[in-house]
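Okay, here's what each chain looks like letter by letter:
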Amino acid sequence: MMILAALMALQAHASDPIADVLTADSEFPLAGDVQESSAPPLNCIGDFVEGAAIICRAEAGTVVTLGDQSATADDEGWLILGLNRDSDEEMTLTAVLPSGEMIRQVHLIDQREYDIQRVDGVPPRTVNPPEEALVLIREQSRMKAAAYTSRWEGAGFADGFIQPAEGVISGVYGSQRVYNGEPRRPHYGLDFANVAGTPVYAPADGIVTLAHPDMYYEGGLIFIDHGQGFTSAFLHLGAVQVEVGDIVSQGDQIGEIGSGGRATGAHLDWRIKWRNRYIDPALVLELDPASLR
């Protein structure tokens, strides 16, 4: 009972870190002009809903475009796509095979409603940083942007994802955050509140592209590219147990839950980004790529 009470208290006080610094302004290929004709089927899983990931298999080298972003099927035919928090109500998916043949699909995107979450007691310096902290913040923003340009040739996403830590869900994807009474950008992660030192595991295979023990907003921070730039971020870590360049397997321990950066209690904030789109980790956990094998 004492443990349960502690977890519930953590749920009440754990908060979300900043979202607007986890950005990377990179350009990605757009759909080309192609001639439409009959083609073999494109096999995909995932619902067309805001924040969803779509995993597909097609002939190696097939280029699939969803909106303004494209991905190329690897040697085994795997590729992954993503939908942003605020997507258009209708999007066109095209798949261009190496032969030049094309599949064209028009999808209606389910629109979601998001809650407002008010978080008080956040360290003021992480809501309105002092002038002397801005140089460090900009430097760390460039570091994160560079890490987001990774395009690992593996396909860790093709084996599905597991929950990276045990804990009480204290924050969900998409909710508008109000810190100390001041509105900020939406929360893009899934929060697990638990005691400091709780193990954090790799949810899928990948390569570590960033590992820092104490970022200004995020505390201990790790990025893992699971393939084709589909990148997990793990925020507020109290311990970082991997290094940049490490190849990790699903279930490997990578760190421990902490409370650094913009946080009011110990928790893990797990985020996923694909290209310029933030993905809902809860929806990713529901995907089972086994049907595509």
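Scroll up to find the structure.
Quick caveat: nothing in here was measured; it's all calculated off a predicted structure.

Q: Can you walk me through the sheet that holds strand β1 (residues 43-45) in this structure?
A: Within a sheet, neighbouring strands are paired by backbone hydrogen bonds and run either parallel or antiparallel to one another. With antiparallel pairing, the 3 strands of this open sheet are ordered in space as β1-β2-β5. Edge positions in the open sheet fall to β1 and β5 (78-82), since each of these has one partner strand only. For this sheet the average axis-to-axis angle between neighbouring strands, irrespective of direction, equals 25 degrees. Direction of pairing for strand β2 (residues 53-57) relative to β5: antiparallel, over a ladder of 5 bridges. Bridge assignment links Ile 54 to a residue of β5, and that residue is Leu 81.

Q: What is the right way to look at the sheet that holds strand β3 (residues 63-66) in this model?
A: Spatial ordering of the open sheet is given by β4-β3-β6-β7, a layout of 4 strands whose pairing is antiparallel. At either end of the open sheet lies a strand with only one pairing partner, and these are β4 (69-72) and β7 (102-108). Adjacent strand axes in the sheet meet at a mean angle of 15 degrees when their direction is disregarded. With 4 bridges connecting them, β3 and strand β6 (residues 90-96) associate as antiparallel partners. In the strand pairing of β6, Val 64 is matched with Ala 95.

Q: Before we go on, may I ask you to explain the nonpolar core in this structure?
A: Within the largest apolar cluster, 51 residues are counted, with the highest numbers of intra-cluster contacts made by Leu 81, Phe 230, Phe 234, Ile 254 and Leu 268. Setting aside anything within four residues of it in sequence, one finds Phe 230 in contact with Ala 53, Ile 80, Phe 161, Ile 224, Asp 225, Ile 272, Lys 273, Trp 274, Ile 279 and Val 284. Core analysis: the second largest hydrophobic core is formed by 8 residues, Ala 147, Tyr 148, Leu 210 and Leu 221 among them.

Q: I keep staring at the layout of surface pockets and nothing clicks. Help me out?
A: Which parts of space are left empty comes out when a probe the size of a water molecule is rolled across the atoms. In this model, the largest pocket occupies a volume close to 200 Å³. Thr 72, Asp 74, Arg 151, Trp 152 and Gln 228 are, among the 12 residues lining the largest pocket, the residues nearest its centre. Classifying every residue of the lining of the largest pocket by side-chain character gives 4 nonpolar, 4 polar and 4 charged.

Q: Would you mind going over the packing of aromatic side chains with me for this structure?
A: Two descriptors summarise a pair of aromatic rings, namely the distance from one centre to the other and the angle between the planes of the rings. If you walk through the whole model with that rule in mind, you get 5 aromatic pairs. Arranged with centres 4.6 Å apart and planes meeting at 35 degrees, the rings of Tyr 148 and Phe 223 form a pair that is tilted. You can see Tyr 148 sitting in the loop between α2 (134-147) and β9 (168-171) and its partner Phe 223 sitting in strand β15 (residues 219-225), a full 75 residues away along the chain. Classification of Tyr 148 as buried rests on a relative accessible area of 6%. Residue classification places Phe 223 among the buried residues on the basis of a relative accessible area of 0%. Seen in terms of ring centroids, Phe 161 and Phe 230 are 5.9 Å apart; in terms of plane orientation they differ by 65 degrees. Their pairing is edge-to-face. With Phe 161 in the loop between α2 and β9 and Phe 230 in strand β16 (residues 230-240), the pair connects residues that are 69 residues apart, well separated along the chain. The same class applies to Phe 161 and to Phe 230, which are both buried. Ring-pair connections join several aromatic residues into one group, and the members of that group are Tyr 173, Tyr 188 and Tyr 278.

Q: How should the state of the cysteines be read in this particular structure?
A: Where two cysteines share a covalent bond between their sulfur atoms, that bond is called a disulfide. Considering all chains together, one arrives at 1 disulfide under this definition. Two residues share a disulfide in this structure: Cys 44 and Cys 56, whose sulfurs sit 2.1 Å from each other. As the torsion about the S-S bond is roughly 105 degrees, the Cys 44-Cys 56 disulfide counts as right-handed. Of this pair, Cys 44 sits in strand β1 while Cys 56 sits in strand β2; the two residues are 12 residues apart in sequence, bridging distant segments of the chain. Take Cys 56: its relative accessible area is 0%, and that puts it in the buried class.

Definitions and limits used
Within every chain, residues take consecutive numbers counted from 1 along the sequence as written. Owing to the predicted nature of the model, reporting of local features is limited to residues with pLDDT of at least 70; listing and counting of side-chain atom pairs is limited to 80 or more, with chain, interface and lining totals taken over all residues. Calculated side-chain values reflect all of the structure's heavy atoms, with hydrogen atoms and water omitted. Pairing between strands requires that DSSP locate at least two bridges from one strand to the other. The secondary structure listing takes helices from DSSP runs of H or I that are at least 4 residues long and strands from runs of E that are at least 2 residues long, numbered from the N terminus. Lines fitted to C-alpha atoms define the axes, with helix axes restricted to the stretch in contact, and inter-axis angles between N-to-C directions lie between 0 and 180 degrees. Throughout this description, the term nonpolar core refers to a set of buried Ala, Val, Leu, Ile, Met, Phe, Trp, Tyr and Cys residues connected via side-chain atoms within 4.5 Å. We call a residue buried when its accessible area falls under 20% of the maximum for its residue type, exposed when it is over 50%, and partly exposed in between, using a 1.4 Å probe and counting protein chains only. Whether two residues are in contact is decided by their heavy atoms: any pair within 4.5 Å suffices. Using a 1 Å grid laid over the protein atoms alone, points where a 1.4 Å probe fits but cannot get out form a cavity; open sets with protein on both sides within 12 Å along at least 5 of 7 lines form a pocket; any residue with an atom within 4 Å of a point counts as lining. Grid points are joined across faces, edges and corners, and a volume is the space filled by probe spheres set on the points. As a working rule, the residues Ala, Val, Leu, Ile, Met, Phe, Trp, Tyr, Cys and Pro are called nonpolar, Asp, Glu, Lys and Arg charged, and the rest polar, with Gly in that last group. Here is the rule: rings of Phe, Tyr and Trp (six-membered ring for Trp) pair when centre to centre is within 6.5 Å. Planes less than 30 degrees apart are stacked, more than 60 are edge-to-face, and the remainder are tilted. Cysteine sulfur atoms are paired as a disulfide whenever they come within 2.5 Å of each other.

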